[in-house]
Amino acid sequence: FRPHTDNGAGAGQSKSLIVGLGNYTGGELMVEGAKKDIRYKAVVFDGWKERHWTLPFTGERYSLVWFTPKGCEGVRGIDLDLGI
């Protein structure tokens, strides 16, 4: 995929968290030229300010990405009691 910074509906957000799932090889996330292994490992980066892209991969790869859109800072979500 091509190097890019994020834009569009989420404009203004800051940090994103990404994790790669599936049975694949390759597919690392490049962030400002640094290779990040996201396969079953969470990585935090600022997709709005840092250029990023995905390296080629083989197999089946899924990416989960979490972020907070601008304007939602400080809004409480659901409090979960995980018994920890």
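Each value, and the rule that gives it
Residues numbered from 1 in each chain as written. Predicted model: local features only at pLDDT ≥ 70, side-chain atom pairs only at ≥ 80, totals over all residues. Heavy atoms only, no water. Salt bridge = Lys/Arg side-chain N within 4 Å of Asp/Glu carboxyl O. Buried < 20%, exposed > 50% of the residue type's maximum accessible area, 1.4 Å probe, protein only. Pairing = 2+ DSSP bridges. Helix = DSSP H or I, 4+ residues; strand = E, 2+ residues; numbered from the N terminus. Axes fitted to C-alpha atoms, helices over the stretch in contact; angles between N-to-C directions.

Engineer: Even after reading the chapter, I still don't get the pattern of salt bridges, so can you show me in this structure?
Structural biologist: Side chains bearing opposite charge may pair, as long as their charged atoms lie close to each other. Across all of its chains, the model carries one salt bridge by this definition. Lysine 41 is paired through a salt bridge with aspartate 37; the nearest N and O atoms lie 3.0 Å apart. What makes lysine 41 partly exposed here is its relative accessible area of 45%. In this structure aspartate 37 comes out as partly exposed when scored by relative accessible area, which is 39%.

Engineer: Quick question: what am I supposed to make of the sheet that holds strand β6 (residues 52–54) here?
Structural biologist: Each strand in a sheet pairs with its neighbour through backbone hydrogen bonds, running either in the same direction (parallel) or in the opposite one (antiparallel). Spatially, β4-β3-β6 is the arrangement adopted by the three strands of the open sheet, whose pairing is antiparallel. Only two strands of the sheet have a single partner each, and these edge strands are β4 (34–36) and β6. Sheet twist, expressed as the average angle between the axes of neighbouring strands with direction ignored, equals 25°. Pairing geometry for strand β3 (residues 29–31) and β4, over three bridges, is antiparallel. Of the residues in β4, the one forming a bridge with methionine 30 is lysine 35.

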